[in-house]
Amino acid sequence: MSARVLVVDDAAFMRAMLREVLTNSGFQVVGEASNGLEAIERYEETKPDVVTMDITMPEMDGVRAVREILRRDPAARIVMVSAMGQQALVVEAIQAGARDFVVKPFDQTRLVEAIRRALR
Amino acid sequence: MHLAKLLPTFLAEADEHLQALEEGVLRLEREGVEADLVRDLFRRAHTLKGSAGALGFRRMAELTHRMEEVLDVLRRGRQDPEGLADLLLACVDALRTLRQEVAEAGEERTEVEDLVRRLEAWQGRPTEMLHPVEVRIRMREDCPMRAARALALLQLLRREGEVEQVVPSEEEIRRGNVDLELICRARVREPEALVQLLSGGDVESVRVLPASDAPRDERWLDLGPQARGKLSDDPEATRRAALRTVRVDVERLDRIMNLVGELVVDRIRFQQIAHRLRSGGGDPALAEELLDASAHLGRVARDLQAQVLKTRMLPIEHLFSRFPRYVRDLARRAGKEVEVVLEGQDVELDRSILEQLGGPLMHLVRNAVDHGIEPPEERERLGKPRPGRLRLAAYQEDGIVVVVEDDGRGIDTDRVRRRAVELRILSPEAASRLSEREAVELIFHPGLSTASAVTDVSGRGVGMDAVRAGVQAVGGSLEVETGWGKGTRFVLRLPLTLAIVRALTVACGGERYAIPLSSVHEIVEVPASRVHRVGSCRTTVLRGSVLPLVSVHEILELPVPPDPDRLLCVVVGVGRRRVGLWVDGVVGEGEVVVKPLGSSLGEVPGVSGATILGDGRVALILDPVRLVRLAVREEELAHVG
């Protein structure tokens, strides 16, 4: 059975791209969210195997969302999707418990690798 | 009552429990699961949890709660504390950090989730084997966000077992101090799976070695939480000093000590008044009464002095108690087995001496573990018990004696000689003429002991001269005895206190000076005919060695009187260095109370303080360590010039 992924990003374009890349690589995208608060809701609803999480988003940023999701489900697997120059935030997210990260613009293999590692 | 008022009590109690927990865990590791011990650990974790919870320190409460659960599993009979000691010690460390944060900032900052998870994992885990490995990960040159990558890799590794150490440390990584390479010591479930798990993406290569085969990396040595600090850096001692004591600024005690000194002067004045009264035809009964009263004042002043001195004293336990843990960590890193024996923990030492002793002792202990004690296999081959024995003992003799002794390989004096010749410290002839004792003394030679290569050759080395200087700075001495193949013993002789020294009083140019006896070697008379002048410096030859001569006038930059026919010289020395201090006469010896020089005088080179002599006169106390340094430098300059 293919792994179920929740995609979180405030840019619709990015979500669409992630969806396509992931689907092509054999994952099943079970939901999308455009900010941290939505991400938490979707997470509760869909109980995905893995989440891709943008960092800068309105309402609630990705780092806070990571904390909140992990507080509710310590086993949650989250991969950060970060823009260049956000290392401090990525470090924070990893310390909060995010499993891995990719840096935008990313290539397909990197993303798939990161998700596979997170799923182990 | 507001709970915040209870904070100091909580902090002091936490200290005590944490120290007991640490000692208990070390015993657990050494002696195995023992019902009473586990019960005690359980009780302490439980007590801490209760108080932390009451004060709202959620993380401490959470962590102690998990520790309690784990201990409960042990209590109910699980007999395999494999890996648990490390985990519990890590918890104790984290609790200490949290305690510190609460004390300083009023809130908990350090995350404990990782530890909580590991404690959970330990409980739930069927008895499984963890394999010690060293993992070397190299990131690609073009890896973006190296720090974040390094941390992610570390987290990944954590899920496979327990990460014991990382170079660079996590703290450094977080601050962005990470190059391409990451080295981890870990204990993992499946070493075979690691390469595949960690490879790919930004990672260029992964090497996994069984920890025992991995080459020893010098950088590991710098990892110990204790080893990291500077020589005098001593948070542990400070922490423990807070225990069961009222905090008094040492300066305040110094001031009291000074005031006692004033009392002594007043007493002498009363005595003099009484004598004048008697000789001047006054009432003899009244004079007698005044003498009685002044004698009483003298006794009270002396008792007061003794009490203040006592207040400055702390049991050496404050220093010793950190060593079992320190040695354990060092030994692990070095692949050694070491048993620590502590003796005379209740022997008391002046607080300021104690504080300055930490660094030198740590160096000696570290040298013993790293270079003295052989690896267990080698010891077995040699017919020695597998674990090496490191003995730290304190006892009172004239002053205080502290012994650091190991039963390791000892110092190879032949190699020390060869090394001294290689480094051109000695000529081959001079080296071969040295007695065994003298050859051993070479380890304190600054040129030899800072040469890092010596560490491996002689088995001793890094900064032994600094260690000796550290001991001498507190008025002590450091001697070494060694037997090749048998072990090495360092003997530190320390004064009871820095506030009172035994001193030789000398006269010079109508003034009085006190020279601490601990550094006085002998008093000699040198005929003027045997005084040589090199530049502005005088030297003589004493039993075949050149002895620089300095007059007190020179040191204090006063005009120097013409040389008499015979120079009376007090030979003072520090280590192997000797200087003859040229004086007019020797007045006597006795105990003097050291008073710091007022700030208006500033730093006078070669003078460490002042004292009031029995006759009420003020005398400067000379500082032999500085004197020797001054004299030797001038002598060298003279040779160059």
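Residues numbered from 1 in each chain as written. Chains lettered and ligands numbered in written order. Predicted model: local features only at pLDDT ≥ 70, side-chain atom pairs only at ≥ 80, totals over all residues.

**Notes on the overall build of chain A**
- Looking only at helices and strands, chain A features 5 helices and 5 strands.
- Taken from N to C terminus, the helices and strands of chain A fall in the order β-α-β-α-β-α-β-α-β-α.
- Burial status across chain A gives 43% buried among its 120 residues.
- Within chain A, counting contacts between residues at least 6 apart in sequence, those at least 24 apart form 57% of the total. (Helix = DSSP H or I, 4+ residues; strand = E, 2+ residues; numbered from the N terminus. Buried ≥ 20, exposed ≤ 12 C-beta atoms within 10 Å, placed from the backbone. Contact = placed C-beta atoms within 7 Å.)

**Thoughts on helix H3 (residues 58-75) of chain B**
Residues and elements named next belong to chain B.
- When the terminal C-alpha atoms of H3 are compared, their 25 Å separation across 18 residues agrees well with the 26 Å that a helix rising 1.5 Å per residue should span.
- Turning to H3, its buried residues number three or more, namely Arg59, Met60, Ala61, Leu63, Thr64, Arg66, Met67, Val70, Leu71 and Leu74.
- Tucked inside the fold, the buried residues of H3 contact helix H2 (35-54), helix H4 (84-105) and helix H5 (113-124).
- Phi turns positive one or two residues past the end of H3, at Gly77, with a value near 110 degrees. (Expected span 1.5 Å × (residues − 1).)

**Structural notes on the interface of chain B and chain A**
- Taken together, the 12 residues of chain B in the interface contact 15 residues of chain A.
- Looking at which element gives the most residues to the side of chain B that touches chain A, the answer is helix H6 (residues 146-158) of chain B, with 6 residues.
- Partitioning the side of chain B that touches chain A into residue classes produces 8 nonpolar, 3 polar and 1 charged. (Nonpolar A, V, L, I, M, F, W, Y, C, P; charged D, E, K, R; others polar.)

**Here we look at the packing of helix H1 (residues 7-31) of chain B against H4 of chain B**
Residue and element names in this part refer to chain B.
- Contact geometry for H1 and H4: axes closest at 10 Å, N-to-C directions at 170 degrees. Relative to H4, H1 is oriented roughly antiparallel. The two elements H1 and H4 cross, and the hand of that crossing is left-handed. Of H4, the residues touching H1 (which contributes Leu11, Ala14, Leu18, Leu21, Glu22, Val25, Leu28 and Glu29) are Ala85, Leu88, Leu89, Val92, Leu95, Arg96, Arg99 and Ala103. (Axes fitted to C-alpha atoms, helices over the stretch in contact; angles between N-to-C directions. Parallel < 35°, antiparallel > 145°, perpendicular 65-115°, else oblique. Left-handed = near helix turned anticlockwise from the far one by under 90°.)

**A few points about the pairing of strand E11 (residues 487-494) of chain B**
Residue and element names in this part refer to chain B.
- Bridge analysis of strand E9 (residues 400-406) against E11 gives 7 bridges, and the strand direction is antiparallel. When the bridges of E11 are listed, Val401 appears paired with Arg493.
- With 7 bridges joining them, strand E10 (residues 477-483) and E11 adopt antiparallel strand pairing. Paired with Leu478 across the bridge in E11 is Leu492.
- Taken together, E10 and the strand that follows it, E11, pair antiparallel across an intervening segment of 3 residues, in which Gly485 is found at a positive phi of about 85 degrees. (Pairing = 2+ DSSP bridges.)

**Quick notes on the nonpolar core**
All names here are of chain B.
- The biggest cluster of nonpolar side chains holds 81 residues, and the ones touching the most others in it are Val327, Val365, Val369, Tyr513, Ile515, Leu581 and Ile621.
- Looking at this core element by element, the count peaks at 9 residues for helix H14 (residues 351-372).
- The residues contacting Ile621, other than those within four sequence positions of it, are Ala503, Ala514, Val592, Val594, Val607, Ser608, Gly609, Ala610 and Thr611. (Core = buried A, V, L, I, M, F, W, Y, C linked by C-beta atoms within 7 Å.)

Any functional reading would require information beyond the geometric quantities listed.
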